[in-house]
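So you can see what is in the structure, the chains are spelled out below.
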Amino acid sequence: MEKYAGNHLAAILARTAGEAPEALFLEDVASGARLSHGALWQGAGRMAAALLRAGVKPGDRVAIQAQKSVAMLELYLGALLAGAVFLPLNPAYTPAEVAYFLGDAAPRVFVCDPARLEALEPVAREAGVGALFTLGADGQGTLAEAAGAEGAAGAGFEAVARGAEDLAAILYTSGTTGRSKGAMLSHRALASNSLALRDYWRFTAEDVLIHALPIYHTHGLFVATNIMLMAGGSCLFLPKFDAAGIVELMPRASALMGVPTFYTRLLAEPGLGAAARTMRLFVSGSAPLLAQTHRAWFEATGHRILERYGMTETNMNTSNPYEGERRPGTVGLPLPGVELRVCDGAGRALPRGEIGTLEVRGDNLFSGYWQMPEKTAEEMRPDGFFITGDLGFVDTDGYVTIVGRGKDLIISGGLNVYPKEVEEAIDALPGVVESAVIGVPHADLGEGVVAVVVASEPMEEAGVRAGLAGRLARFKQPKRVVFVAELPRNAMGKVLKNVLREAYGDLLG
Ligand code: MLC
Ligand code: AMP
């Protein structure tokens, strides 16, 4: 479309809106509403016009913490059209957590759920946010009003010019030490990666994707949504994961993308095998898919789940092939345009088959951490490779297997939890001497959070939970708290987390 031609990512995402504006983009399963590619971008144009009216200038951040909705997608695309940087936040974050993100990113605009306006208004004011809007799960609120007021002129909004190197989004990823870091994602990184995935996974205008992932993370926003926009296909848009609902939708769909928990839960659904028969593709990522889940899925449905591996900082790095062997327990081959090597701690490449740290390079990489050049430098090699912190090896056929993580990170249901952040919150509670937070196997979530606590006075599990309530999002809070007299340490005084993982490995069943 001519009016978007100067905006690198929008021009690619809106191709179908230009060529076939009536083509269906989405059915909102909750309301039954249907939206074409053309109508979606008209809505995005109205959002962009409203953002400009609120004072947004190119490069300004537009932050949102709201429930998944079609209007939130329009805001994402509207922010792109306005030349702004989209910054979505998990609705599970507490106001205390949101305060950090707003303070760090200093957005011009912040959009929150109407139900949280009272709690977040002072937070936004403290962070110097220029304009505060609301957006409910039903798409209503002051943002919708402002966009609606832009009318037909807003719908025809001409995109603000943005080049390949300009930023399109910032997604925060927790740091292994200290504060969360904002991964800066350029138009080039997002466009190149989603185009590569669209072609690698053979997405076309015929595809209908069951979209049940949240849209505040890479997987649901930049993999699922961007691919469907680029392919000109459509989505069955669900507000959240719903196993029975997904099985019901399968006969009308061709593809599903999910985290491993989606697949383990779906396996328990009656009627899965019959419903999945006409599906084309099941993709899994964000956390390790057990080889046994892969096999059980094949037995139940006749489909081999296609597992891929990515990160907020890198978008998608590797994928099992569309045609060719999808090997259970592996994350497949480097995607076109992505270089991958396995290195020792000093960055020296290791021979094939040896286990080391995975490092990646390509257009898919982020542009650094927001206002943290020293953190960026710590994770980049001088030759442009990014140190993922994931441990793995490449076999003789080029397939990559991830065997663990060099970083102290728990992935629970596809959401990252950094033990250090939880430990700091627990250690701050009265009566706690110290704590160690570990991930242990969890049948549903892959890993679950467990806290091992040394207390100076008698304490109860419920007391720790209550103490964490307003401080940490619930998905980060320990599923169990264990009290011990002391933590196991090595000669250097470092806590032996592997000993704890061994001792409490069965705690969450
Ligand atoms: C919800 N809860 C969780 C949780 N999700 N606890 C631990 N880990 C999780 N992931 C808790 C809630 O706090 C609540 O607790 C209770 O479970 C019920 O909440 P819910 O919202 O009803 O949960 P549910 O709908 O069952 O959600 C589970 C889930 C969801 C797995 C479907 O978490 C999900 O959609 N995860 C996907 C995350 C994702 O998109 N990751 C991609 C990141 S991008 P209580 O105590 O209040 O009852 C990335 C890069 C890449 O990693 O490669 O893709
Ligand atoms: P995030 O910071 O949320 O982007 O999470 C990225 C991390 O998720 C990676 O560094 C990996 O540790 C993990 N991850 C993503 N996909 C896979 C996968 N298919 N298998 C194993 N781990 C994965």
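Preceding this paragraph is the structure being described.
Here the residue numbering is sequential within each chain, running from 1 through the sequence in written order. Think of it this way: whatever chain is written first is A, whatever ligand is written first is 1, and the rest follow in order. Local features in this predicted model are restricted to residues of pLDDT 70 or higher, and side-chain atom pairs are both shown and tallied only at a pLDDT of 80 or more, whereas totals for entire chains, interfaces and linings draw on every residue. Think of the side-chain values as coming from all heavy atoms in the structure, minus any hydrogens and water.

1. A few points about the site of ligand 1
- A single heavy atom is enough: if one lies within 4 Å of a molecule or strand, its residue is considered near that molecule or strand. Lining the immediate environment of ligand 1, one finds 23 residues, of which Arg265, Ser286, Arg308, Ser412 and Arg474 sit closest.
- By the criterion applied in these results, polar contacts are pairs of N or O atoms within 3.5 Å in which, for protein atoms, one can donate a hydrogen and the other can accept it, and in which residues neighboring in sequence qualify only through two side-chain atoms. A distance of 3.0 Å is found between a nitrogen atom of ligand 1 and a backbone nitrogen or oxygen belonging to glycine 413.
- Between ligand 1 and glycine 414 there is a distance of 2.9 Å, counted from a nitrogen atom to a backbone nitrogen or oxygen.
- Taking 1000 Å² as the accessible area of ligand 1 by itself, protein coverage stands at 74%. In this description, accessible areas are obtained by the Shrake-Rupley approach with a 1.4 Å probe, and a residue is regarded as covered only by the protein chains that are shown.

2. A look at the sheet that holds strand β18 (residues 386–394)
- Should DSSP find at least two bridges between two strands, the strands are taken to pair. A run of H or I in DSSP counts as a helix once it spans at least four residues, and a run of E counts as a strand once it spans at least two, with each numbered from the N terminus. The four strands lie next to each other as β16-β17-β18-β19, forming an open sheet whose pairing is antiparallel. Only two strands of the sheet have a single partner each, and these edge strands are β16 (338–343) and β19 (400–405). Strand-to-strand twist across the sheet, computed as the mean angle between neighbouring axes with direction ignored, equals 50°.
- Note: β16 against strand β17 (residues 356–362), six bridges, orientation antiparallel. Each bridged residue has a counterpart across the sheet, and for arginine 341 the counterpart in β17 is glutamate 359. Helix axes are fitted only over the stretch in contact, all axes being lines through C-alpha atoms; the angle between N-to-C directions runs from 0 to 180 degrees.

3. Considerations on the packing of aromatic side chains
- The rule is short: rings of Phe, Tyr and Trp, with Trp giving its six-membered ring, pair when the centres are within 6.5 Å, and they are stacked under 30 degrees, edge-to-face over 60, tilted in between. Scanning all chains against the criterion turns up 14 aromatic pairs.
- With centroids separated by 5.6 Å and ring planes inclined at 65°, the aromatic side chains of tyrosine 100 and phenylalanine 101 adopt a geometry described as edge-to-face.
- Here's how the labels work: a residue is buried when its accessible area is under 20% of the maximum for its type, exposed when over 50%, partly exposed in between, all with a 1.4 Å probe on protein chains only. By relative accessible area, which is 23% here, tyrosine 100 ends up partly exposed.
- Centre to centre, the rings of phenylalanine 366 and phenylalanine 386 are 5.2 Å apart; their planes meet at 75°, and the pair counts as edge-to-face. Highlighted residues: phenylalanine 366 in the loop between β17 and α15 (373–379) and phenylalanine 386 in strand β18, separated in sequence by 20 residues. With respect to class, phenylalanine 366 is no different from phenylalanine 386; both count as buried.
- Connected via pairs of aromatic rings, a cluster forms that spans Tyr93, Tyr100, Phe101, Tyr172 and Phe475.
- Look at NZ for Lys and CZ for Arg. If either is within 6 Å of the ring centre and within 35 degrees of the ring normal, a charge sits over the ring. Positioned above the aromatic ring of phenylalanine 203 is the side chain of arginine 280, whose terminal nitrogen or guanidinium carbon lies 4.7 Å from the ring centre.
- One residue, arginine 341, lies across the ring of phenylalanine 385, its end atom 3.7 Å from the ring centre.

4. Regarding the nonpolar core
- Among the buried residues, those of types Ala, Val, Leu, Ile, Met, Phe, Trp, Tyr and Cys that are joined through side-chain atoms within 4.5 Å form a nonpolar core. Counting 118 residues, the largest nonpolar core has Trp41, Trp201, Ile210, Met250 and Met257 as the members making the most contacts within it.
- It is helix α4 (residues 70–81) that contributes the most residues to this core, 10 residues altogether.
- When neighbours within four sequence positions are excluded, tryptophan 201 is seen to be in contact with Val223, Ile227, Met257, Arg280, Leu281, Val283, Leu306, Arg308, Ser319, Asn320 and Tyr322.
- By size, the runner-up hydrophobic cluster in this structure holds 40 residues, among which are Phe101, Cys112, Ile170 and Ala425. Whether two residues are in contact is decided by their heavy atoms, any of which lying within 4.5 Å being enough.

5. Things to note about the sheet that holds strand β11 (residues 255–258)
- Ordered in space as β2-β1-β10-β9-β11-β12-β13-β14-β15, the nine strands form an open sheet in which the pairing is mixed. Edge positions in the sheet fall to β2 (34–36) and β15 (333–334), since each of these pairs with one other strand and no more.
- By the bridge criterion, four bridges tie β11 to strand β12 (residues 281–284) in an arrangement that is parallel. Each residue of the ladder has a partner; that of leucine 256, found in β12, is phenylalanine 282.

6. Here we look at the pattern of salt bridges
- Take a side-chain nitrogen of Lys or Arg and a carboxyl oxygen of Asp or Glu: if they are within 4 Å of each other, that pair is a salt bridge. Taken as a whole and judged by the stated rule, the model has 31 salt bridges.
- Where glutamate 27 meets arginine 252, a salt bridge forms, and the shortest distance between an N and an O atom there is 2.5 Å. Taken together, the residues span a long stretch of sequence, with glutamate 27 in strand β1 (residues 24–28) and arginine 252 in the loop between α11 (243–249) and β11 at a distance of 225 residues.
- Overall, arginine 252 belongs to the partly exposed group, its relative accessible area being 45%.
- Residues glutamate 447 and arginine 405 are paired through a salt bridge, measuring 3.1 Å at the closest nitrogen-oxygen approach. Residue glutamate 447 is located in strand β23 (residues 446–455), and its partner arginine 405 is located in strand β19; the two are separated by 42 residues in the primary sequence.
- Put simply, Glu325, Arg327, Asp395 and Asp397 are held in one network by salt bridges that share partners.

7. Considerations on the site of ligand 2
- Around ligand 2 sit 16 residues, and of these Arg308, Thr312, Asp390, Lys407 and Asn416 come closest.
- In this structure, lysine 407 approaches ligand 2 through a side-chain N or O atom, which is 2.6 Å from an oxygen atom.
- Taking 490 Å² as the accessible area of ligand 2 by itself, protein coverage stands at 93%.
- Those elements that provide at least two residues to the shell around ligand 2 are β13 (306–311) and β19.
- The biggest single contributor to the shell around ligand 2 is β13, with five residues.
- Residue type decides the class: Asp, Glu, Lys and Arg count as charged, Ala, Val, Leu, Ile, Met, Phe, Trp, Tyr, Cys and Pro as nonpolar, and the leftover types, Gly among them, as polar. Residue composition of the shell around ligand 2, grouped by class: seven nonpolar, four polar and five charged.

8. With respect to the packing of helix α9 (residues 187–200) against helix α10 (residues 218–231)
- Where α9 meets α10, the axes come as close as 9 Å, and the angle between the chain directions of the two elements is 75°. As far as their axial angle goes, α10 and α9 are roughly perpendicular. Where α9 approaches α10, its residues Leu190, Ala191, Ser194, Leu195, Leu197 and Arg198 are matched on the opposing element by Phe222, Val223, Asn226, Ile227, Met230 and Ala231.
- Grouping the amino acids of the contact of α9 with α10 by side-chain chemistry returns nine nonpolar, two polar and one charged. Between 65 and 115 degrees an angle is taken as roughly perpendicular, under 35 as roughly parallel, over 145 as roughly antiparallel, and anywhere else as oblique.

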